[in-house]
Amino acid sequence: MPFGLTNAPTMFMDLMNQIFRPYLDKFVVVFIDDILMYSSSQYEHKQHLRIVLETLRGNELYAKMSKCEFWLNTVVLLGHVISKKDIYIDPREVEPMLK
């Protein structure tokens, strides 16, 4: 896609939704180029990780490993902290408004 194309993020988001459609809201959430995977167990997570990476490779898309984080129990995504027990707004996002 040409650099600077104004609808590039929209087109990329559409591509990601198409390739991950069978897995969306089952164990994958995608927002532009952020892919969040969730699983009930480490064994299941290993299987999901394989599916996601093979799906990317099959569509000639590749994850930059230096930007990837694996086997986390808590993640920060889109201003929210997501853990096994709950989801809440990232306190760092609220702090400026409170001041």
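Above this text is the structure in question.
Computed from a predicted structure; not experimentally measured.

What counts and what doesn't
Residues numbered from 1 in each chain as written. Predicted model: local features only at pLDDT ≥ 70, side-chain atom pairs only at ≥ 80, totals over all residues. Heavy atoms only, no water. Helix = DSSP H or I, 4+ residues; strand = E, 2+ residues; numbered from the N terminus. Buried < 20%, exposed > 50% of the residue type's maximum accessible area, 1.4 Å probe, protein only. Contact = heavy atoms within 4.5 Å. Areas by Shrake-Rupley, 256 points an atom, 1.4 Å probe, with all protein chains shown as cover. Lys, Arg positive; Asp, Glu negative; His and termini not counted. Charge placed at Lys NZ, Arg CZ, Asp CG, Glu CD. Pairing = 2+ DSSP bridges. Axes fitted to C-alpha atoms, helices over the stretch in contact; angles between N-to-C directions. Core = buried A, V, L, I, M, F, W, Y, C linked by side-chain atoms within 4.5 Å.

A. Structural context of the overall build of the chain. Assigned secondary structure in the chain consists of three helices and five strands. Secondary structure elements in the chain, listed N-terminal to C-terminal, are α-β-β-α-β-β-β-α. Here the C-alpha coordinates of the chain stretch approximately 45 × 40 × 25 Å along the principal axes. Scored against the burial criterion, the 99 residues of the chain give a buried share of 21%. At a minimum sequence separation of 6, the contacts of the chain that also span at least 24 residues come to 28%. Carbon together with sulfur atoms contributes 56% to the accessible area of the chain, which is approximately 8100 Å² in total. Placing the 11 positive and 12 negative side-chain charges of the chain at their respective mean positions leaves the two points 6 Å apart.

B. Examining the side chain of His45 more closely. For His45, the position within the fold is in helix H2 (residues 42–58). Each residue touching His45, except ones within four places of it in the same chain, is listed here: Met37, Tyr38, Ser39 and Trp71.

C. Main features of the sheet that holds strand E4 (residues 80–83). With antiparallel pairing, three strands are arranged side by side in an open sheet as E3-E4-E5. Every interior strand has two partners, whereas the edge strands, strand E3 (74–77) and strand E5 (87–89), have only one. Geometrically, the sheet is characterised by an average inter-axis angle of 20 degrees between neighbouring strands, direction not taken into account. Sheet topology note: the E3/E4 ladder contains four bridges and is antiparallel. Following the sheet pairing, Thr74 is matched in E4 by Ser83.

D. Broad picture of the nonpolar core. Counting residues in each nonpolar core, the largest one holds 11 residues, listed as Met16, Ile19, Phe20, Phe27, Val28, Val30, Met37, Leu49, Val52, Leu56 and Leu61. Listing elements by their share of this core, those giving two or more residues are helix H1 (8–19), strand E1 (28–31) and H2. Among the elements that take part in this core, H2 stands out by supplying three residues, more than any other. Apart from residues lying up to four places away in sequence, Val30 is in contact with Met13, Met16, Phe20, Leu24 and Ile35.

By themselves these figures say nothing about function.
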